[in-house]
Protein chains: 2
Amino acid sequence: MSSQAPHSTLLIPGPIEFDDAVLQSMSHFAESHVGPPFVKIFGDSLRMLRQLFQTTNPASQPLILSGSGTLGWDLVASNLIERGENALILHTGYFADSFAACLETYGVNATQLKAPIGDRPSLAEIEAALKEKDYKVITITHVDTSTGVLSDIKSVAELVRRVSPNTLVVVDGVCSVGCEEIAFDAWDIDVVLTASQKAIGCPPGLSVLMLSGRAMDRFNTRSSPPASYYASMQNWLPIMKNYEAGKPSYFATPATQLVRALHTTLSQVTSRPLAERFTAHATASARVKAAVAELGLQQLALKPENQANAMTAIKLPEGVTPPDVLPLLMKKGVVFAGGLHKQCASTYIRFGHMGVSVTDPARDDIEKAITALKEVFAEVGK
Amino acid sequence: MSSQAPHSTLLIPGPIEFDDAVLQSMSHFAESHVGPPFVKIFGDSLRMLRQLFQTTNPASQPLILSGSGTLGWDLVASNLIERGENALILHTGYFADSFAACLETYGVNATQLKAPIGDRPSLAEIEAALKEKDYKVITITHVDTSTGVLSDIKSVAELVRRVSPNTLVVVDGVCSVGCEEIAFDAWDIDVVLTASQKAIGCPPGLSVLMLSGRAMDRFNTRSSPPASYYASMQNWLPIMKNYEAGKPSYFATPATQLVRALHTTLSQVTSRPLAERFTAHATASARVKAAVAELGLQQLALKPENQANAMTAIKLPEGVTPPDVLPLLMKKGVVFAGGLHKQCASTYIRFGHMGVSVTDPARDDIEKAITALKEVFAEVGK
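What counts and what doesn't
Residues numbered from 1 in each chain as written. Chains lettered and ligands numbered in written order. Predicted model: local features only at pLDDT ≥ 70, side-chain atom pairs only at ≥ 80, totals over all residues. Heavy atoms only, no water. Helix = DSSP H or I, 4+ residues; strand = E, 2+ residues; numbered from the N terminus. Buried < 20%, exposed > 50% of the residue type's maximum accessible area, 1.4 Å probe, protein only. Contact = heavy atoms within 4.5 Å. Areas by Shrake-Rupley, 256 points an atom, 1.4 Å probe, with all protein chains shown as cover. Lys, Arg positive; Asp, Glu negative; His and termini not counted. Charge placed at Lys NZ, Arg CZ, Asp CG, Glu CD. Buried area = accessible area lost by both parts, 1.4 Å probe. Least-squares fit on C-alpha atoms with pLDDT ≥ 70 in both.

Thoughts on the overall build of chain A
A count of helices and strands for chain A gives 13 helices and 14 strands. Counting all 382 residues of chain A, 66% fall into the buried class. Across chain A, the fraction of contacts at a sequence separation of at least 24, relative to all contacts at a separation of at least 6, is 71%. Carbon and sulfur atoms form 53% of the exposed surface of chain A, whose accessible area is close to 13100 Å². Positive and negative side-chain charges in chain A, numbering 33 and 37 respectively, have mean positions lying 2 Å apart.

Quick look at the structure:
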């Protein structure tokens, strides 16, 4: 049982429900950001990120920054590619448009390869695009939170290594890290950027990244200085290296309480085999998707192989909009999210199934939500 | 009495000790960042910032961003001045160098007007400097956390209006907002940027700003797009305006728990007259500075009018370094900080006296720290 005040169960695709111990860490007493206890917590958190991302290569570099997941885009755009260079953006929803806008802010030429809503660019299309220009980076949204479309980052990374080996493979894993498998070393990925508040299970406010040795080389050989100050790797790398080595270091004050909470959730996550965690998410997702099908409803992500385990974007029946169903679901104690894709936001709702709602056997969040969905669609369908 | 676990009293110049209710808000259960309860909390927090900054001008614009105080520099540098334009930096310590580096990252010509360590540029020097070039912004560190030097922002703002009326007056109030008086409207200031973890009394992780109508006009008439994405006012302004109007809005996920904690502390701060708060800080600061003088020690800030109420930078006796005294102070249950100014970091320690340690009559933090200082310097002096 949770020690939290009674509240509606939060099943939006982030922030998610948090474990009691994680929330308790949020109220940790004041401590110095350069004192030995906090330096150890920060260093251990960086080390646990290596485990979470399945990387043992010492050249890999984890980062924990104070900011939202969006800040990770700035770090990529201002450190790993330069003004006038080309980036290929694989578009599976809202977040590709935003990542492209971020890259363009820093003078990068962003070319979007767009799939129809609910689909993802094919490997053949990606291969053809890669052959057109010298792309310094390719970005892939692992799970686009606006559509629930899952990308096959393993196959894309393989393809990139084959046809354009120097292109950095950048994964936006905001809605995937902690619930969709990511084998950073084995799949030869260069950047995964994410945020604290989704499947990692920590409240929002931390931007989390893992960089490969190849990405570090790219940064170290750039011809111009970083194009951002707050997102500058030049400012942050010494801090991360020092914290992991147990040495106090200062560039900007870290969010001490959030880092404590991150440490708590990463300790929980890494205490069990990751495979078990991914299976739990796949099982819960299959259960949700079966229930959606039973209700005669469609998903925005049309093909089973494109459907995320993190969330389900549920198309509403003709004539029904999110304001027709979200308040009814809320009355039954479950909070879902409305649509987010600019072209069809009013035609679907989003159900996030990540973290403790899925992994904690003491919780019945998913069953409660499915029951609520059934009851509400029975009402709405009348 | 505090309900927090027993811990050494944190008296570094930020993060500071936090009130129990503020820390309890940090462990608020998961909630949607676009749900009505959170939107109200965010909007109320923006409104309370107007009170804290003493601005009733509807053209003033408060912002609350997920990030450290440093992010505020990026917001200024990438939105309120353009590539190739000039900024005048009044240097009173470490943080002026960093703000200048931030401005230069975005192509701004940053000219530093440096005072000797422990002093601040004189009004005559500032006037002469302002007449040399067309400065689009002047930056002033209200309290430089590295030196404890207080700037006279009211007089500087008056001077700027007289000799260079179109120059934006930008105050770095990271170590001053909430403990040193700032009359945003009356003093005709254009930007105050700060962070959550100092005298505002909320854990670290929020960047907080107030912009004037003049600053908003400057942004609205710039000839190039904002030079940062995460710090772009174009991205954030609609969100802030919507939240304050009670409308959900999304650019990047806000740090919901931190915003809850900010709301709690701002509710406490604005429930009493601000004058009382500033007096409490001045009184505590005078008490500390008298004790330092009694010990025969000097401050880094040499003139009484240059000495901050937020903190005291205490010069160590000849031959004594921070590692000689900080562990001894720690043993007595008080955590002070070492020096930070690059040229003399090993010659002084820093004592922060802000927030509940000063304003909560149930706490004896300051007396305890003064006693510890006396005992430790008696030992070290042997």
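Brief notes about the interface of chain B and chain A
In this assembly, 55 residues from chain B lie in contact with 55 residues from chain A. Both sides together, the interface formed by chain B and chain A hides about 3800 Å², and carbon and sulfur atoms give 68% of it. Elements that contribute at least two residues to the side of chain B that touches chain A include exactly α1 (20-26), α3 (70-79), α4 (94-105) and α9 (256-270) of chain B. Ranked by residues supplied to the side of chain B that touches chain A, first place goes to α4 of chain B with six residues.

Here's the deal with helix α6 (residues 153-163) of chain A
Buried residues of α6 of chain A: Ile153, Ser155, Val156, Ala157, Leu159, Val160 and Arg161 of chain A, and no others. Packed against the buried residues of α6 of chain A are β3 (86-91), α5 (123-130), β5 (135-141), β8 (168-172) and α7 (213-220) of chain A.

Observations regarding the relation of the copies chain B and chain A
Once chain B has been moved 0.0 Å along the axis and rotated by 180°, it coincides with chain A to within an RMSD of 0.0 Å. What the rotation and shift describe, once combined, is the action of a two-fold rotation axis. Identified as the residue of chain B closest to the rotation axis by C-alpha distance is Gly67 of chain B, at 2.1 Å. Here 100% of the interface residues in chain B have copies in chain A that are interface residues too; the copies meet face to matching face.

Regarding unusual backbone geometry
All names here are of chain A. Note the cis peptide between Gly14 and Pro15, where omega equals -5°. You can see Pro15 is positioned in the loop between β1 (9-10) and α1 (20-26). For Gln54, which is not a glycine, the phi torsion comes out positive at approximately 55°. Note on placement: Gln54 falls in the loop between α2 (36-52) and β2 (61-66). A relative accessible area of 29% places Gln54 in the partly exposed class. One non-glycine residue, Asp188, adopts positive backbone phi at about 60°. Structurally, the position occupied by Asp188 is in the loop between β8 and β9 (191-195). With relative accessibility at 31%, the residue Asp188 sits in the partly exposed group.

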